[in-house]
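One letter stands for each residue in the lines below.
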Amino acid sequence: TVADSLKFSSAVAVALAVVFLVITAGIAAFKLINGTVSMPRLLPNVTSITSFWNLFTAVPVLVTAFICHFNVHTIENELEDPTKIRKVVQASLALCSSVYIMISFFGFLLFGDSTLDDVLANFNTDLGIPYSSVLNDVIRVSYALHLMLVFPVLFYPLRSNIDELLFPSARDLALDTRRFILLTIALICMIFLGADFVPSIWDAFQFTGATSAVCLGFIFPAAIALRDPHAIATKKEKILSIFMIFLAVLSCSVAIYSDAYALLRKKLSP
């Protein structure tokens, strides 16, 4: 099975993310003990309406971080006891949230106002500690390996859905080696080509988080609940679905506007 075959690579990917966290926390603790860490600013610096709208550019990135739930059904189908899926999801959310929050905390503690959109880019300078260059290399290599190992988990549902969209009447993709290889090569080439033209990972997360991530995480599930083909949704669930769609569209519009405005100002600034 697909999910089962990726369990070891996924475990190593999580371990590498923890390595990133441990090294970052260790550097922050070392500098904190030595008194070389300055107190970071705890609240955003909102001085104008522009800086206020810029706060919303972080929302799509947060949404993107928690949008991998489209793999839940695939994993549930491959569990010996499908009732354990709730505990699996809860454990995954708790682990991911903990890693995200702690990396953000220690990263901001280390770099303060100099923290870049991609905190990984901060680990390209002298950290002011012994073996700084070695630790920088370890962090960057571990994160690169983490992305490589996470990619197959995300790529599998993309390839399956694109195949069903383009070839709805064809036989199963796993039984057609030629179609499998051609589709895989085409998608990977498109992904790498797109990655080469994206100016910043922050910009990519902003727009994907404000569009596709919002649709996958909020609008589509709410629309399915409203459609209710099996007549099992309660009135409360339908009201919540309408509210979710309204909130998603509103936040999506604000995020896209703020992202586009911030990107335009960045290009026009001397």
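Residues numbered from 1 in each chain as written. Predicted model: local features only at pLDDT ≥ 70, side-chain atom pairs only at ≥ 80, totals over all residues. Heavy atoms only, no water.

For this particular structure, what's the right way to read the overall build of the protein?
Helix and strand counts for the protein come out as eleven helices and zero strands. The order of α-helices and β-strands along the protein, N terminus first, is α-α-α-α-α-α-α-α-α-α-α. Along the longest, intermediate and shortest principal axes, the C-alpha atoms of the protein span 60 × 45 × 40 Å. Among the 270 residues that make up the protein, the fraction classed as buried is 27%. Across the protein, every contact between residues at least 6 apart in sequence was considered, and the portion connecting residues at least 24 apart equals 68%. Roughly 18,000 Å² of accessible area belongs to the protein as shown, and the carbon and sulfur atoms make up 70% of that amount. Distance between charge centres in the protein, computed from 18 positive and 19 negative side chains, equals 5 Å. (Helix = DSSP H or I, 4+ residues; strand = E, 2+ residues; numbered from the N terminus. Buried < 20%, exposed > 50% of the residue type's maximum accessible area, 1.4 Å probe, protein only. Contact = heavy atoms within 4.5 Å. Areas by Shrake-Rupley, 256 points an atom, 1.4 Å probe, with all protein chains shown as cover. Lys, Arg positive; Asp, Glu negative; His and termini not counted. Charge placed at Lys NZ, Arg CZ, Asp CG, Glu CD.)

How should helix α8 (residues 177-197) be read in this particular structure?
Helical geometry note: an α-helix holds 3.6 residues per turn, so side chains three or four residues apart project in the same direction. With 21 residues, α8 should reach 30 Å at 1.5 Å per residue; the first-to-last C-alpha distance of 31 Å fits that figure. Considered for burial, the residues of α8 that qualify are Arg179, Leu183, Thr184 and Leu187. Seen from one end, α8 has its buried residues packed into an arc of 125 degrees, which puts them on one side. Turned more than 90 degrees away from the buried face of α8 sit Thr177, Arg178, Leu182, Phe192 and Asp196, all of them exposed. Contacts made by the buried residues of α8 are with α7 (132-166). (Expected span 1.5 Å × (residues − 1). Arc of directions from axis to C-beta.)

Before we go on, may I ask you to explain the pattern of salt bridges in this structure?
A side chain of one charge can pair with a side chain of the opposite charge if their charged atoms are brought near each other. Inspection of every chain in the model, using the stated rule, returns two salt bridges. Between Asp163 and Arg179 there is a salt bridge, and its shortest N-O distance comes to 2.7 Å. With Asp163 in helix α7 and Arg179 in helix α8, this pair connects stretches of sequence that are 16 residues apart. Each of the two residues, Asp163 as well as Arg179, counts as buried. We note a salt bridge from Asp176 to Arg179, for which the minimum N-O separation is 3.0 Å. Each member of the pair, Asp176 as well as Arg179, is classed as buried. Through salt bridges that share partners, Asp163, Asp176 and Arg179 make up one connected network. (Salt bridge = Lys/Arg side-chain N within 4 Å of Asp/Glu carboxyl O.)

I tried to follow the UniProt feature "transmembrane region" (unreviewed entry) in the protein on my own but got confused; where do I start?
UniProt marks residues 12-33, 53-72, 93-112, 141-159, 180-198, 204-227 and 239-264 with the feature "transmembrane region" (unreviewed entry), using the numbering shown here. With 95% helix and 0% strand, residues 180-198 has end C-alpha atoms that lie 27 Å from one another. In residues 204-227, helix accounts for 96% and strand for 0%; the two terminal C-alpha atoms are 32 Å from one another. (UniProt positions renumbered as here; feature names shortened; annotations may be inferred.)

Looking at this structure, I do not really get the nonpolar core. What am I missing?
Generally speaking, nonpolar side chains in soluble globular proteins are found buried as a group. One finds Phe20, Ile27, Leu110, Phe111, Phe123, Leu127 and Ile139 to be the most contacted residues of the largest nonpolar core, which totals 19 residues. Contributing elements (two or more residues each) for this core: α2 (7-34) and α6 (85-111). For Phe111, the contacting residues outside a window of four places in its chain are Val119, Asn122, Phe123 and Leu127. (Core = buried A, V, L, I, M, F, W, Y, C linked by side-chain atoms within 4.5 Å.)

Hey, could you run me through helix α4 (residues 58-65) in this one?
Among all positions of α4, only Pro60, Val61, Val63 and Thr64 are buried. Projected down its long axis, α4 shows its buried positions confined to an angular sector of 160 degrees, all on one face.

Hey, could you run me through the environment of Ile27 in this one?
Residue placement: Ile27 occurs in helix α2. In the structure, Ile27 is positioned 193 residues away from Phe220 in sequence and 42 Å away in space, judged by C-alpha atoms. Residue contacts for Ile27: discarding those within four places in its chain leaves Leu110, Phe123, Leu127, Ile129, Leu135 and Ile139.

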